[in-house]
Amino acid sequence: MSDTALPNPSHAELLRVAAGLRLPDRVFIDGDWSASDNGALIETSNPATGAVLSTLAHCGQKDVDRAVAAARWSFRSGAWSRCAPEKRKEALLKLAALIRRDGVRLAVMESLESGKPIRDCLREITQEVPAIFQWYGELVDKSYGHVAPTGQEDCAMVVREPIGVVAAVLPWNFPLLMATWKLAPALASGCSVIVKPAEETSLTALSLAALAIEAGIPAGVLNVLTGPGETTGRLIGQHPDIDSVSFTGSTDVGRLFLQYAGSSNLKTVGLEMGGKSPFIVLDDADLTEDLIDNAVMAAFWNGGQNCSANMRQLVARSRQDAYVEKIIARTKQIVIGDPLNPATDMGPLISAGQRNRVLSYVAKGVEEGARRVLDAGGAPVGRGHYLGPTVFADLRPEMTIAREEIFGPVLGVLPVDSMDQALQIANGTDYGLHATVYTRDLDRAMYFARRLECGTVAVNGFTEGDIKTPFGGYRRSGSLARDKGLEAMAQYQQIKTIWLRLSAMGLNA
Ligand code: NAD
């Protein structure tokens, strides 16, 4: 979606950038850096080495109150919320340009803290993130309200207004991209925002807040609070003066945000949550290199730490062996290693806890009778949280690994005996985020696309779409809220009716 060429620095250059980085170590409230009120700290570390990268504020009640007060003050002042749309557009376009300027530095920072391969960080941060700010920035002065049909005695306008103070609570798997999915439409709408990054990955969101000031976004409009979910996240969820929370993360924590809202001020809550998405290969699809590349990427992209990971791969029973053989061969080509090396396809998982969680799912798969055809291997041994890809065959729908979100590098092939059975198994889940279907037959593609109970269906290629299309989930994958596309604006806007009784002004006399 972006014409900007992807920067292509060498490993040595990237190591030099890493050595010269100055990492944030405080929170960003009301346009300035500060320590937490109580002086409490959390550490953020490099999952590839275990080395501590920075110590950050563990924000408590007073920090949350201060950030909310700054956001509320900035919102009420109208400096952003009521300014001319052209001014908001200009600032968001400038922010996009500043992110492009600092893109390599931010990508290195994100790779160090998240363990994501630098190639992915460069693509997301130097191309996608600025393009998203640009897209919503360009939307600001092209969004109209409407006039309702009334008699001539009245005039009824339906206008959109920013919802107010918004909190964006984020996961660690796509740190700056997830922040941008929420921030760009929230800022374009005129809201003031408090970002709460995941405690594992706070650095790029903090850096972005400083760039926002440089771009001309007024102080207090974008604040970043760091800290663990159980304290800082909870205090945000329960705060009586936050109007809306847009959350991306696990279904269990999403449920908590609904409870927080219910027990505080009934703030609106937008939820983007987990998934257990199918990759369906119909029997007319050729097992081409493209299909296998997509199947492997669908499961292992970002080490499988992806909400839309297509881990359940549904294939005609008669073709399972041929499919599995090709999947194994392609998976063995994945280069696992130092995330800062441009040759790396897969870095470490985010934490030791996540690695153990994935390993316990692998053990459960074996215990419940799935056939392990590729054992998690090929990863560097050392202090990092590395885990190579595992492939299972002969998955059955009732197995734990076919039902629960693993969020790690595990692919399972589930043999099916008919198209109807494939559809039934694909939909037989609590989740509903994403699905991929491979077929050469347009009728079959549409049959599946219309019947799959999920927010995005990709046909003949694994994709989540781009910024022009909405993304979100059915059932326990999400609320009605959507990120991306024009639809994302609805999370950050109120709709107001202004009814003018013209006859009351004597104009019809
Ligand atoms: P998580 O739910 O553990 O954490 C998400 C955020 O919530 C973090 O900022 C965390 O600090 C905060 N949090 C945690 N516990 C909290 C609590 N008790 N109260 C308030 N806040 C709390 O999720 P994660 O482990 O960071 O991310 C992985 C999950 O995110 C997966 O389930 C994945 O599917 C989902 N995800 C979904 C999407 C999507 O668009 N649907 C995108 C990325 C990730």
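Residues numbered from 1 in each chain as written. Predicted model: local features only at pLDDT ≥ 70, side-chain atom pairs only at ≥ 80, totals over all residues. Heavy atoms only, no water.

### Quick word on the overall build of the protein
Working step 1: In terms of regular secondary structure, the protein is built from 15 helices and 19 strands.
Working step 2: Taking the principal axes of the C-alpha coordinates as reference, the protein spans close to 80 × 60 × 45 Å.
Working step 3: A buried classification covers 56% of the 509 residues belonging to the protein.
Working step 4: Put simply, the protein shows about 20,600 Å² of open surface, and 52% of that area lies on carbon and sulfur atoms.
Working step 5: Separation between the mean location of the 51 positive side-chain charges and that of the 57 negative ones in the protein comes to 2 Å. (Helix = DSSP H or I, 4+ residues; strand = E, 2+ residues; numbered from the N terminus. Buried < 20%, exposed > 50% of the residue type's maximum accessible area, 1.4 Å probe, protein only. Areas by Shrake-Rupley, 256 points an atom, 1.4 Å probe, with all protein chains shown as cover. Lys, Arg positive; Asp, Glu negative; His and termini not counted. Charge placed at Lys NZ, Arg CZ, Asp CG, Glu CD.)

### Concerning the sheet that holds strand E6 (residues 154–162)
Working step 1: Read from one edge of the open sheet, 3 strands run E5-E6-E19, paired in antiparallel fashion. Each of the sheet's edge strands pairs with one partner strand only, and the pair in question is strand E5 (146–148) and strand E19 (493–501). Taking the axes of each pair of neighbouring strands and ignoring which way they run, one obtains an average angle of 30° across the sheet.
Working step 2: In this structure, E6 lies alongside E19, joined through 9 bridges in antiparallel fashion. Paired with Ala156 across the strands is Trp499, a residue of E19. (Pairing = 2+ DSSP bridges. Axes fitted to C-alpha atoms, helices over the stretch in contact; angles between N-to-C directions.)

### Points about the environment of Pro342
Working step 1: With respect to the secondary-structure elements, Pro342 resides in the loop between helix H11 (320–331) and helix H12 (352–367).
Working step 2: Through-space distance from the C-alpha of Pro342 to that of Ser81 is 42 Å; in sequence the pair is 261 residues apart.
Working step 3: When near neighbours in sequence (up to four residues on either side) are disregarded, Pro342 contacts Pro9, Ser10, His11, Leu14, Ile118 and Arg119. (Contact = heavy atoms within 4.5 Å.)

### A look at the packing of helix H8 (residues 229–238) against helix H9 (residues 251–263)
Helix packing geometry: the angle between the two helix axes and the distance between the axes.
Working step 1: As a packed pair, H8 and H9 sit with axes 8 Å apart at the nearest point and diverge in direction by 45°. One finds that H8 runs oblique with respect to H9. When H8 is examined against H9, the residues Gly233, Arg234, Gly237 and Gln238 are found in contact with a partner set consisting of Phe257, Tyr260 and Ala261.
Working step 2: A breakdown of the residues in the contact of H8 with H9 according to their chemical character gives 3 nonpolar, 3 polar and 1 charged. (Parallel < 35°, antiparallel > 145°, perpendicular 65-115°, else oblique. Nonpolar A, V, L, I, M, F, W, Y, C, P; charged D, E, K, R; others polar.)

### Details of the packing of aromatic side chains
Working step 1: Taken as a whole and assessed by the stated rule, the structure comprises 10 aromatic pairs.
Working step 2: An aromatic cluster of three or more residues is present, and its members are Phe174, Trp301 and Phe462. (Phe/Tyr/Trp six-rings, centres within 6.5 Å; stacked < 30°, edge-to-face > 60°.)

### Section: the nonpolar core
Working step 1: One finds Ile99, Phe133, Tyr136, Leu187 and Ile217 to be the most contacted residues of the largest nonpolar core, which totals 67 residues.
Working step 2: Ranked by the residues each element gives to this core, the list is headed by helix H6 (residues 175–189), at 10 residues. (Core = buried A, V, L, I, M, F, W, Y, C linked by side-chain atoms within 4.5 Å.)

### A look at the site of the ligand
Working step 1: For the ligand, the set of nearby residues contains 29 residues, the closest of which are Leu170, Lys196, Glu199, Ser250 and Glu405.
Working step 2: Between the ligand and the protein, one listed contact pairs an oxygen atom with a side-chain N or O atom of Glu405 at 2.6 Å.
Working step 3: In the complex, 91% of the free accessible area of the ligand, which totals 840 Å², lies under the protein chains.
Working step 4: Broken down by secondary-structure element, the contributors of at least two residues to the shell around the ligand are H8, strand E10 (244–248) and H9. (Near = heavy atom within 4 Å. Polar contact = N/O pair within 3.5 Å; in protein donor to acceptor, adjacent residues only side chain to side chain.)

### Some words on the sheet that holds strand E13 (residues 312–316)
By way of backbone hydrogen bonds, the strands of a sheet pair with one another, either parallel or antiparallel.
Working step 1: With mixed pairing, the 7 strands of this open sheet are ordered in space as E14-E15-E16-E13-E12-E17-E18. Pairing within the sheet leaves two strands with one partner each, and these edge strands are strand E14 (371–374) and strand E18 (456–459). Between one strand axis and the next, the sheet turns by 25° as a mean value, whatever way the strands run.
Working step 2: In this sheet, strand E15 (residues 390–393) lies alongside E14 in antiparallel orientation, the contact comprising 3 bridges. What sits directly across from Leu374, in E15, is Val391.
Working step 3: Sheet strands in contact with H11 are strand E12 (278–281), E13, E14, E15 and strand E16 (410–416), and its direction is about 45° off that of E14.

### Looking at the side chain of Thr232
Working step 1: With respect to the helices and strands, Thr232 occurs in helix H8.
Working step 2: If we ignore the near neighbours within four places in the chain, the residues touching Thr232 are His58, Cys59, Val64, Lys196, Leu225, Thr226 and Gly227.

### Structural notes on H11
Working step 1: Under the 1.5 Å per step criterion, the end-to-end length of H11 is 16 Å for 12 residues, consistent within 8% with the ideal 16 Å.
Working step 2: Taken together, the buried positions of H11 are Gln320, Tyr323, Val324, Ile327, Ile328 and Thr331. Projected down its long axis, H11 shows its buried positions confined to an angular sector of 130°, all on one face. Within H11, the exposed residues directed more than 90 degrees away from the buried face are Asp321 and Glu325. (Expected span 1.5 Å × (residues − 1). Arc of directions from axis to C-beta.)

### Observations concerning the UniProt feature "active site" (unreviewed entry) in the protein
Working step 1: Following the UniProt record, one finds the feature "active site" (unreviewed entry) at Glu272.
Working step 2: Mapped onto the elements of the fold, Glu272 is located in strand E11 (residues 268–272).
Working step 3: Among all residues touching Glu272, those that are not within four sequence positions of it are Lys182, Phe247, Thr248, Gly249, Phe471, Gly472, Gly473, Ser477, Ala481, Arg482 and Asp483. (UniProt positions renumbered as here; feature names shortened; annotations may be inferred.)

### So, the pairing of strand E17 (residues 434–438)
Working step 1: Of all 5 residues in E17, 5 are buried, a share of seventy percent or more.
Working step 2: Of the pairings in the sheet, the one linking E12 to E17 comprises 3 bridges and is parallel in character. Bridge assignment links Ile280 to a residue of E17, and that residue is Val437.
Working step 3: Note: E17 against E18, 4 bridges, orientation parallel. Looking at E18, one finds that His434 is bridged to Thr456.
Working step 4: The β-α-β motif built from E17, the intervening helix H15 (residues 442–451) and the parallel element E18 has right-handed crossover chirality. (Right-handed = clockwise from strand over helix to strand, strands pointing away.)

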